[in-house]
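# Tertiary structure, described
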Amino acid sequence: MVSGSMVSSSHLKGSSQIVGSEKGAMLEASIFVNPDIPKWKASRKLIVNVFHFSVLKSYIRIFHSEAAILVNKWRHLADGRTSFNPEEDINLATFDMVMMSTLGINPRAQENPSHEFLVNFDSAFQIGMSRMLNPILHSDLVCRLIGLKARQKAHVQVLIDEAQRTLDRIRKRQKMNREKENAEIKDPSSHLMDPEAKSFAELIMENTDYVKSDDEELISQIITIIGAGQDTTKTENMVVLIMLAIHADVQDK
C-alpha cells in the first residue's frame, strides 16, 4: 500500500499504542513492530511481494476516484470563493483510500463520516496517542482507574471484528472462485474491489502457505498499516493540494 511505504517510526509507535496491553501481543505480530527476528523474517517473506511497485500502481485508481469525490465536494465552495478548512475532508478521503488498499472495503467515509469503523479507529488512535505522549497514562493502572483502558479495548475490538469479517468474506469468495475455475467459469466479481486492484489482505491470503490460523497475524498487520498509514497519507495529500494551489499552471494541465 502506498501509505504503508511511507510510515515513520513515530507513526508506528502511535499505531502500536492503539491496542493497549490486552491486544498488545497481537499487534506485536506485525512485521513493522515485531521484535522476534525469526518471526519477523517469516512475516517479511509472506508480505514482501505485496509491496512491489506493480501492486502499488494498481492503487492509483483508488486514489484518483476518491480524489474526484473530494474535488466535487469542494467545487461549489471554490465557485463561491468561500474559504474553508480542508483537513477533515482530506482525512475522510484518505481513510477511504487506505481502507480500500488495505482491506478491499470502502467505508464511504466521505459520504458517511460517522461510519462505525472510522469513529472507533479515530477514538482508539486518539487514546493511543494520548498514552504515548502523556507519561501519566503510561501506567495501565491509571488508565484502568479512569476508564480509559476499557474504552480503548472496546474501540479496538470493533476494528478487529470488522477485519475478521472481511477476511472471512475474502476466504469465502476465494473458495467460490476456485470452484468456478475448476468448472472453467470466470467470476468477474472475484474481488471485493476490482480485479486490477486487489487489496493488501487479498494478496496475502492468496499465498499458498496462508491458513486460517494466520488471520490473527494478518489483522495485526492491517491495523498497523491503517494506523501508521492514515496520518502519513493524509499529510502527503495535503502537501499535494498545497503545491497545486501554489502552481496554478500545473492545475490547468
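Per an unreviewed UniProt entry, the protein chain goes by the name Cytochrome P450 4d2-like and belongs to Diaphorina citri. Recorded under Cofactor (unreviewed entry), the UniProt text for the protein chain is reproduced unchanged: "heme".

Scanning the protein chain from N- to C-terminus turns up twelve helices and zero strands. Element order for the protein chain, N to C, with α for helix and β for strand: α-α-α-α-α-α-α-α-α-α-α-α. With 253 residues in all, the protein chain has 42% of them scored as buried. Of all intrachain contacts in the protein chain linking residues separated by at least 6 positions in sequence, the fraction that spans at least 24 positions is 70%.

With that settled, consider the confidence of the model for the protein chain. Per-chain confidence: the protein chain averages 77 in pLDDT, with 75% of residues scoring 70 or above. Scored below 50 in pLDDT, residues 19–28 shows 27 contacts in the model against residues more than four places distant or in partner chains. This model gives residues 187–192 a pLDDT under 50, and the stretch forms 16 contacts once residues within four places in sequence are excluded.

Angle between the axes and distance between the axes: these two values describe a pair of packed helices. Running from N to C, helix α7 (residues 116–133) and helix α11 (residues 215–246) point in directions that differ by 85°, and their axes come no closer than 12 Å. Considering their axes alone, α7 and α11 lie roughly perpendicular with respect to each other. Contact with α7, carried on its side by Phe117, Phe121 and Phe125, involves Ile226, Gly227 and Gln230 of α11 and no other residues of that element. Its residues placed into classes, the contact of α7 with α11 shows four nonpolar, two polar and no charged.

Moving on: the packing of aromatic side chains. Scanning all chains against the criterion turns up four aromatic pairs. Taking the centre distance of 5.9 Å and the plane angle of 20° together, the rings of phenylalanine 121 and phenylalanine 125 count as stacked. In this pair, phenylalanine 121 and phenylalanine 125 are both assigned in helix α7, four residues apart and thus about one turn of the helix distant. According to the relative accessible area criterion, phenylalanine 121 is buried, its value standing at 3%. Note on phenylalanine 125: relative accessible area 13%, which makes it buried. Taken together, the aromatic side chains of Phe95, Phe117, Phe121 and Phe125 make up a single cluster linked through ring pairs.

This paragraph deals with the environment of lysine 198. By secondary structure assignment, the location of lysine 198 is in the loop between α9 (148–182) and α10 (200–205). The partly exposed category is assigned to lysine 198, whose relative accessible area is 22%. Residues lysine 198 and valine 50, spaced 148 residues apart in sequence, show a C-alpha to C-alpha distance of 9.8 Å. Side-chain polar atoms of lysine 198 contact the side chain of glutamate 206, separated by 2.5 Å.

Our focus in this paragraph is the packing of α7 against α9. α9 packs onto α7 with a crossing angle of 135° between their chain directions and a minimal axis gap of 9 Å. Between α7 and α9, the interaxial angle falls into the category oblique. Read as a crossing pair, α7 and α9 show a hand that is left-handed. Contacts from Glu116, Phe117, Asn120, Phe121, Ser123, Ala124, Ile127, Gly128 and Arg131 of α7 reach α9 at Leu148, Lys149, Arg151, Gln152, Ala154, His155, Val156, Val158, Leu159 and Glu162. Taken together, the residues of the contact of α7 with α9 break down into nine nonpolar, five polar and five charged.

Each value, and the rule that gives it
- Residues numbered from 1 in each chain as written.
- Predicted model: local features only at pLDDT ≥ 70, side-chain atom pairs only at ≥ 80, totals over all residues.
- Heavy atoms only, no water.
- UniProt positions renumbered as here; feature names shortened; annotations may be inferred.
- Helix = DSSP H or I, 4+ residues; strand = E, 2+ residues; numbered from the N terminus.
- Buried < 20%, exposed > 50% of the residue type's maximum accessible area, 1.4 Å probe, protein only.
- Contact = heavy atoms within 4.5 Å.
- pLDDT = per-residue confidence, 0-100.
- Axes fitted to C-alpha atoms, helices over the stretch in contact; angles between N-to-C directions.
- Parallel < 35°, antiparallel > 145°, perpendicular 65-115°, else oblique.
- Nonpolar A, V, L, I, M, F, W, Y, C, P; charged D, E, K, R; others polar.
- Phe/Tyr/Trp six-rings, centres within 6.5 Å; stacked < 30°, edge-to-face > 60°.
- Polar contact = N/O pair within 3.5 Å; in protein donor to acceptor, adjacent residues only side chain to side chain.
- Left-handed = near helix turned anticlockwise from the far one by under 90°.

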